[in-house]
Amino acid sequence: MKKFFKAKQLIKSMVQNDYLPGIYKKAAAKGEVDPKKVIFADAHSNGLTENMIPVARALKKRGYSVKVMCRDIGKMNMIDAMSFMRQFMMEYATSGMIFISSYFLPVSSCEKRPETKVIQLWHSGGLLKKMGYDTADDIPEYYKGDVTKNYDLVTVSAPVCEPVWEQALRLSPGTAVSTGIARTDTLMDRRWQERCREKFFKEHNEALGRKVALYAPSFSGNAADPQCSAMSTGQDKVLYELGDDWYTIVMPHPLMRTGKDSVNTMELLPVVDLLITDYSSIVFDYAVYRKPFVLYCPDIELFRTERGFYKDPESFPCRLITEPEELKECILSSDYDIDPKEYDAFWKEYMGSCDGHSAERIVDAAVRL
């Protein structure tokens, strides 16, 4: 798998450095930039991501023309994928703003026009595991190209995140701004929360009257070969042994899901009574509700050595467990409550800029660029 991953990265590098810049240059020569033209682009989804939806809505209200160019390239053949990227480059050349929510190599493939602004919304808040250029699992040393070139604004969830993201993505000072994370606007919407609960219990009658536990681990290794130690070794099976009082949902990281894993994880958060995760940023989204969580990290020492952390998860205001039987005992004995003052301090430090109005602040910041 490592050889496959390396070959894939080298192909990406050639496409980014040779093929796409030429398309952009020709398209730019044919038209001027339209400041009201906005593109939302993503290579991992077939529609607007959860971070994009509130921002697109806010832009439309202000009279901007929004074009969605989101495709899951990993599920496309090479010809279709190249066609998609070619179309994007032609639109990119005359757009006033580009919004992305993960690495999207086409935006960094050329010398863009200064009138065009690129806004990286990203897909996680808070600080935990290392990312970007701080770890070879994300961007290996042999990759030729600048993955984050052309970024004008990166939105983060709190001031403490700004210098870390600028280091990890090799950004100029002031590029990362603590506007808050757009999808938290949705998470804080009470009407949306109620719709999620109604939908869930309608589809899962067997969960009525029971406590709901969500196991949503991250992955280790790189995106081409994602692994979850607890799941691959069967150390998660205790979550199915909690008895009739609990209804357990296991939701792997999106890179590890199969076609049957179609549930929107974000829509589960208002329903869940206890989150169990490891190094996933879902813990920061879930913290919106101030509900208890447990970090189940049987491979923490290996993860600490191979990838590393910005913030040690052992400093978080929760139980950190490494043994399956200890996890089971913790849940069955309800030994997982978090002190409210510690929880509030945790939220303020890592998600303090998220107040239900992040999307408007992001649009304001983008317009001022």
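The structure under discussion appears in the preceding block.
Residues numbered from 1 in each chain as written. Predicted model: local features only at pLDDT ≥ 70, side-chain atom pairs only at ≥ 80, totals over all residues. Heavy atoms only, no water.

**Quick look at the side chain of Asn51**
By the element assignment, Asn51 lies in the loop between β1 (34-42) and α2 (52-61). A polar side-chain atom of Asn51 sits 3.5 Å from the main-chain carbonyl oxygen of Leu121. A distance of 2.5 Å separates a polar atom in the side chain of Asn51 from the backbone oxygen of Trp122. For Asn51, the residues in contact, after removing those within four places along its chain, are Leu121, Trp122, His123, Ile181, Ala182 and Arg183. (Helix = DSSP H or I, 4+ residues; strand = E, 2+ residues; numbered from the N terminus. Polar contact = N/O pair within 3.5 Å; in protein donor to acceptor, adjacent residues only side chain to side chain. Contact = heavy atoms within 4.5 Å.)

**Considerations on the sheet that holds β1**
The strand order across the open sheet built from 6 strands is β2-β1-β3-β4-β5-β6, with neighbouring strands paired in parallel fashion. The sheet is open, and its two edges are formed by β2 (65-70) and β6 (176-177), each paired on a single side. The pairing of strand β4 (residues 117-120) with strand β5 (residues 151-155) spans 3 bridges and is parallel. Along β5, the bridge assignment pairs Ile119 with Leu153. (Pairing = 2+ DSSP bridges.)

**Looking at the packing of aromatic side chains**
Applying the stated rule across the entire model yields 23 aromatic pairs. Each ring, one from Trp246 and one from Tyr336, has its centre 6.4 Å from the other, and the planes form 80 degrees; the classification is edge-to-face. In this pair, Trp246 is assigned in strand β8 (residues 246-250) and Tyr336 in the loop between α11 (324-332) and α12 (340-351), connecting sequence segments 90 residues apart. Using a relative accessible area of 9% as the deciding quantity, one classes Tyr336 as buried. Measuring from centroid to centroid gives 5.6 Å for Phe284 and Tyr350, while their planes differ by 55 degrees, and the two rings are tilted. With a gap of 66 residues between them, Phe284 in helix α9 (residues 282-286) and Tyr350 in helix α12 connect regions that are remote in the sequence. Following the ring pairs from residue to residue traces out a cluster consisting of Phe284, Phe293, Phe316, Tyr343, Phe346 and Tyr350. Here the basic side chain of Lys36 rests over the ring of Tyr64, its NZ or CZ set 4.0 Å away from the ring centre. Above the face of the Tyr133 ring, Arg170 is positioned so that its terminal group lies 3.9 Å from the ring centre. (Phe/Tyr/Trp six-rings, centres within 6.5 Å; stacked < 30°, edge-to-face > 60°. Buried < 20%, exposed > 50% of the residue type's maximum accessible area, 1.4 Å probe, protein only. Lys NZ or Arg CZ within 6 Å of the ring centre and 35° of its normal.)

**Let's talk about the state of the cysteines**
Counting across every chain of the model gives 0 disulfides. In this structure Cys161 is a free cysteine whose sulfur lies 8.7 Å from that of Cys354, the closest cysteine sulfur available. By relative accessible area, Cys161 is classed as buried at 0%. Assessed through its relative accessible area of 4%, Cys354 is described here as buried. (Disulfide = S-S within 2.5 Å.)

Everything listed here is a matter of coordinates, which is why it stays silent on function.
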